[in-house]
Amino acid sequence: MDGERGTHRRNALGEATVGPLGLLTFLETQLGLLAPAASAAERVVAYRRCLAAYLEPSRFYARSFAVDELGTAATLLGWRDRWYLDGWTGAPAPVGAPRLDDLATVERSAAAEVPPGIGQRLTAVLDRLERRRLAIDEIQLLDSRERFPRRWRAVLERLPCREAETPAPRGRGFLRELQTQLLATLGSRTPTRIPWRDDGTVRIARADTRLVAAHWLAATLREEPRDTLLVAADSTTLLDGVLSGSGLAAQGFGELSPFRPALQVLRLALRTLWTPLDFQALLQLLTAPIGPLPPAVRRRLAETLAERPGLGGERWHKALVDLETRAGARGAEERAAIAAWIEPERHDRREGAPVTAVAARARMVEEFFQGRLGEEDPVLRDAYQAGFSQAATAVRAFRELEAQGATRLKPAQVDAVLDRVTGDGNADPLRAAEVGACAAVAEPGAVVEPFDRVAWWSPTLPPVPRRDPWSAHEIEALAAAGVHVAPPAERLAADTTDGMKPVLAARDELVIVLPPPVVDVHPIWLWIDSLVDGLPVRRIESVLEARATGTAIETLPVRRLPMRRRWWRLADPALIRRPEHTSYSGLERLLSHPAQWLLGDVARFRRSRILELPDPFQLKGILAHALVERLYRDAGAPALSNARIAPWFDRHFDRLIGEEGALLTVPGRRAELERFRFTLRSALARLHRQLRAARVDAVTPEQPLDGHFDGGALRGVADLVVRRSDAATGLVDLKWSGGRKYREKLGNNEHLQLGVYGELLRQQIHAWPAVAYFVVDAGLLYAQNSHYFPDADTVRTRTPEDTSDVWRRALVSWQWRIGQIERGAIEVPVDGTEATAESEPPAEGLPGLAPDERYDEFRYLYGWSAQR
């Protein structure tokens, strides 16, 4: 009954309906025993100290304790709490039982040093009842005394209790017959099967999905309002959303979750204490709905990290300078906050961090939430309160560990503390019961009053009582020590009795909405099904009825998802406003995939860049470009001998990884990092040899190129522009991989990117440069001839044309595509569509380029593919 809402509202003073914890709080308050409750984490940490104090190689827990101190302490504390609740006094058993004897020895300290559990609190209540009287006239038990643990039974013996009522049928018609036979299963009588009778007192329904089932139940509750109790423990967030959306009062079902945004701040802040740095955790800390830095700051830093996952590089420092400048007078303060949250002193995962450092980090989170407890918005205030309580408890736990002599904590130990601090989490603060909500419970055993209608939503199989971790001899020893350990069969029987309560509580109608067929159901349904001959289960999808009018709901025609079409037709082509500037990528999208160009370059749709880090393929390409750029930014680099490139690489590679590629340093990726190191080291040496063989004496990396064409301004950035002393110029585009692909482009004279950059460079130097691809993972430079790069891997072209012809054909294709767009025709060349006559490019244009849908971020916007 703790926290449940399963009784009728009544006008009364001096009455309360509570569960065991509620009653215990009443008793402690009246007896002067009320004290601040210790958290689970604090109790575990305190018990760890006691276990450590008596630790010897012969102790049964010694080996487990050596591996996981907190996990062992939590498990054994659970044993101890249950024993106290079942009657233990902390004394060893009269019958020899080594494990019990060890814990009895530990109890010499634990009894005084570990904050009391429920069993010990009940013992204190019993002791105080010897000297104090309670202002309680009567306690109505809702369960029989035998259902309570032994320590509770001892307390109840001292209180003015009225025994629980004997279960009895309360329904009418067929419902009463069913209730009678269910009760027979609890007693000595043998139940008899009864024939199904449809008198409206029992309705069983099932849908293929919980969503449909929730809508059916909402319609039932809305159209037939009456005194209702709702029993719901499964998928309650979905049910509450449907009830609210159907015009009914929200029930405020509070599903607990440890993943609420406020509860993630502490965990993410602590995960950034370690080296190698967990960049995924850092990115989540920056992008979470609640964070310790201003939203604009977090977003800018997240964008920088998502682009180059590392700290300390040029882009990172530029972001810091920009943020400090924009903050004005608060710049220094903001910069200090960034340093504290994002750039703290980090500690090796294997050695652990000083307990003081971990506690200080948790204290930062506590202070962050403490400063927001005065928030006016009640939803945010509740969230901040949850985060504050979690962090404050963690701080106390870490300081207790420090007081116990712990000096360092490893990540697993920190996570163990956080798991116990967070527990099951907290409820969604946006989900509150509204005025008009009916009585509702999550546990069937919390049904204690009759209602006209009981609606049981999705009765799924409850957790089966687990087998106790003690041997038969140990259970006998516990019994000799006064501890009654209820066997699993006894607990299972109690759960079965609880499962009958919703059925027995219905007076006029019982509605059971079964879970989907693939889900295991509650045993009570199996009982009902076994007792009734011909019991029908309505399939909601096939029997939906409008009960208010008695007419069948209209079956709506199926509207298929929009299928992919090869062409989009715009009634008003003037709506398409072409970009002021065109890049190579924009031109390539226009020629090969106009729909992609329309969405990305015209409509400017963008996928968020801050929610995920680069994949390994992208990251390696980015890092290869960055290292080549670092080498050739030095004007003297082309003159370096080939033998000096490897030492240069060894000096700069690790720094580059730390600043822009630290994602490769996380645990589990060491082999990948070393393969990348070997590949890039070899490739850089080969690239330099190619340039030396070409007698290049000047290299400009990442050179901006500006020019014009028939469509307006044209821009690009060339990876490498190289020059010889005779002014002959070359252009090299770097690719991480794809040697076969780029050989074919050169062989077919379809190297559009080199054609665009070559034309932009031609407009500057008034001559066509030599062009080439350098594929890093192969360490090869591909060119159509060896005139400029004598050691290049030459590719024989299939036509007598060269790069200038690529540009000429690109202009023809551009005119063709622009003509289509001006008529409102946008081609969508994707899988599941067939090319038409309009798809055929002009003979003098570039041949049709096949876009790779795997890398198209708009692929889900083109329509539904028949293959899916």
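One can find the structure itself at the top, above this paragraph.
Residues numbered from 1 in each chain as written. Predicted model: local features only at pLDDT ≥ 70, side-chain atom pairs only at ≥ 80, totals over all residues. Heavy atoms only, no water.

Some words on a nonpolar patch on the surface
A grouping of Leu-561, Met-563 and Trp-864 is seen on the molecular surface, where their side chains present a nonpolar patch of about 300 Å² in accessible area. Checked against the element boundaries, Met-563 lands in the loop between strand 16 (551-552) and strand 17 (567-569). Taking the relative accessible area as the measure of exposure, Met-563 reaches 40% and is therefore partly exposed. (Patch = residues over 30% accessible without salt bridge, like charges linked within 9 Å, V, L, I, M, F, W, Y side chains within 5 Å. Areas by Shrake-Rupley, 256 points an atom, 1.4 Å probe, with all protein chains shown as cover. Salt bridge = Lys/Arg side-chain N within 4 Å of Asp/Glu carboxyl O. Helix = DSSP H or I, 4+ residues; strand = E, 2+ residues; numbered from the N terminus. Buried < 20%, exposed > 50% of the residue type's maximum accessible area, 1.4 Å probe, protein only.)

What about the pattern of salt bridges?
Following the criterion strictly, the structure yields 74 salt bridges and no others. Salt-bridge contacts for Arg-147 lead to Asp-143; the nearest nitrogen and oxygen are separated by 3.7 Å. By relative accessible area, Arg-147 is classed as partly exposed at 33%. Residues Lys-501 and Asp-143 are paired through a salt bridge, measuring 2.7 Å at the closest nitrogen-oxygen approach.

Brief notes about the packing of helix 23 (residues 584-592) against helix 29 (residues 752-765)
Look at helix 23 against helix 29: their axes get within 10 Å of each other, and the N-to-C directions meet at 130°. Taken together, the axes of helix 23 and helix 29 are oblique relative to one another. Regarding helix 23 and helix 29, the two cross each other, and that crossing is right-handed. Residues Tyr-584, Leu-587, Glu-588 and Leu-591 of helix 23 lie in contact with helix 29, whose contacting residues are Leu-752, Gln-753, Val-756 and Tyr-757. (Axes fitted to C-alpha atoms, helices over the stretch in contact; angles between N-to-C directions. Parallel < 35°, antiparallel > 145°, perpendicular 65-115°, else oblique. Left-handed = near helix turned anticlockwise from the far one by under 90°. Contact = heavy atoms within 4.5 Å.)

Observations regarding the nonpolar core
If you look at the biggest cluster of nonpolar residues, it comprises 126 residues, and the most contacted ones within it are Leu-301, Ile-342, Phe-398 and Phe-789. The element best represented in this core is helix 17 (residues 378-403), accounting for nine residues. When near neighbours in sequence (up to four residues on either side) are disregarded, Phe-789 contacts Leu-691, Ala-694, Val-722, Val-732, Ala-770, Ala-772 and Leu-781. Grouped together as the second largest cluster of nonpolar side chains are 42 residues, Tyr-742, Leu-761, Ile-821 and Val-828 included. (Core = buried A, V, L, I, M, F, W, Y, C linked by side-chain atoms within 4.5 Å.)

A word on helix 6 (residues 118-129)
With twelve residues, helix 6 extends 16 Å from end C-alpha to end C-alpha; this agrees with the ideal 16 Å at 1.5 Å per step. All of the buried residues in helix 6 are Gly-119, Gln-120, Leu-122, Val-125, Leu-126 and Leu-129. Packing partners of the buried residues in helix 6 comprise helix 1 (20-30), helix 2 (40-53), helix 4 (69-85), helix 5 (98-113) and helix 7 (150-157). (Expected span 1.5 Å × (residues − 1).)

Examining unusual backbone geometry
Here Thr-275 and Pro-276 are connected by a cis peptide whose omega angle stands at 0°. Turning to its location among the elements, Pro-276 is positioned in the loop between strand 6 (274-275) and helix 12 (279-287). At Ala-727, a residue that is not glycine, the phi angle is positive and equals roughly 75°. Its place among the elements puts Ala-727 in the loop between strand 20 (712-724) and strand 21 (729-735). Phi angles above zero are rare outside glycine, and His-766 is one such case at about 65°. For His-766, the position within the fold is in the loop between helix 29 and strand 22 (770-775).

Some words on the side chain of Gln-251
Tracing the chain through its elements places Gln-251 in the loop between helix 10 (236-245) and helix 11 (261-271). Polar side-chain contacts of Gln-251 include one of 3.0 Å to the side chain of Arg-5. Those residues in contact with Gln-251 that lie beyond four places of it in its chain are Arg-5, Leu-230, Asp-240, Leu-243, Ala-433, Ala-437, Cys-438 and Ala-440. (Polar contact = N/O pair within 3.5 Å; in protein donor to acceptor, adjacent residues only side chain to side chain.)

Details of the packing of helix 11 against helix 16 (residues 355-370)
As a packed pair, helix 11 and helix 16 sit with axes 9 Å apart at the nearest point and diverge in direction by 150°. By the criterion of interaxial angle, the relationship of helix 11 to helix 16 is roughly antiparallel. Between helix 11 and helix 16 lies a crossing whose hand is right-handed. From helix 11, Ala-262, Val-265, Leu-266, Ala-269 and Leu-270 reach across to helix 16, where they touch Val-358, Arg-361, Ala-362, Val-365 and Phe-369. For the contact of helix 11 with helix 16, the per-class residue count stands at nine nonpolar, no polar and one charged. (Nonpolar A, V, L, I, M, F, W, Y, C, P; charged D, E, K, R; others polar.)

Regarding the side chain of Ser-839
Note that Ser-839 resides in the segment after strand 25 (825-827). With sequence-adjacent residues up to four places away left out, Ser-839 is seen in contact with Arg-566, Trp-567, Trp-816 and Glu-827.

Notes on the sheet that holds strand 12 (residues 506-514)
Strands belonging to one sheet form pairs held by backbone hydrogen bonds; the direction of such a pair is parallel or antiparallel. The parallel open sheet is built from six strands, whose spatial order is 10-5-11-12-4-14. On the outer flanks of this sheet lie strand 10 (439-441) and strand 14 (538-539), each paired with one strand and no other. Strands in contact with helix 8 (residues 173-186) are strand 4 (202-206) and strand 12; relative to strand 12, the strand with the most contacts, it is inclined by about 75°. Each of strand 4, strand 5 (228-232), strand 11 (451-457) and strand 12 is contacted by helix 9 (residues 210-223), which is oriented at about 170° to strand 11, the strand it contacts most. (Pairing = 2+ DSSP bridges.)

Some thoughts on the environment of Leu-746
For Leu-746, the position within the fold is in helix 28 (residues 739-747). A residue is classified by how much of its surface remains accessible, and Leu-746, at 0% relative accessible area, is buried. Here the alpha-carbon distance between Leu-746 and Ala-772, two residues 26 residues apart in the chain, equals 8.7 Å. Among all residues touching Leu-746, those that are not within four sequence positions of it are His-751, Leu-754, Tyr-773, Tyr-782, Ala-783, Gln-784, Val-795 and Thr-797.

Here's the deal with the packing of aromatic side chains
The way to describe two aromatic rings as a pair is by their centre distance and the angle between their planes. Per the counting criterion, the structure on display carries 20 aromatic pairs. Ring plane angle 85° and centroid distance 5.4 Å describe the contact between Trp-83 and Trp-88, whose orientation is recorded as edge-to-face. Here the aromatic rings of Trp-83 and Trp-470 are separated by 5.7 Å at their centres, their planes lie at 50°, and the arrangement is tilted. Taken as a pair, Trp-83 in helix 4 and Trp-470 in the loop between strand 11 and helix 19 (472-480) lie far apart in primary sequence, 387 residues in all. Given the relative accessible area of 2%, Trp-83 is considered buried. Since its relative accessible area comes to 8%, Trp-470 is described here as buried. One aromatic cluster in this structure is built from Phe-60, Tyr-61, Phe-65, Trp-79, Trp-83, Tyr-84, Trp-88 and Trp-470. For the cation-ring pair, Arg-724 lies above Tyr-788, with the distance from its terminal atom to the ring centre recorded as 4.4 Å. (Phe/Tyr/Trp six-rings, centres within 6.5 Å; stacked < 30°, edge-to-face > 60°. Lys NZ or Arg CZ within 6 Å of the ring centre and 35° of its normal.)

Section: the pairing of strand 20
Relative to strand 20, strand 18 (residues 581-583) runs parallel, the two being bridged by three bridges. When the sheet's bridge partners are listed, His-581 is paired in strand 20 with Ala-713. Where strand 19 (residues 696-709) meets strand 20, twelve bridges bridge the pair, whose relative direction is antiparallel. Looking at the pairing, His-708 lines up with Ala-713 of strand 20. Summarising the sheet, strand 20 and strand 21 pair through four bridges and their orientation is antiparallel. The residue bridging Leu-720 from the neighbouring strand is Val-732, located in strand 21. In sequence, strand 20 turns back onto strand 21 through a hairpin of four residues, with Ala-727 there showing a positive phi of about 75°.

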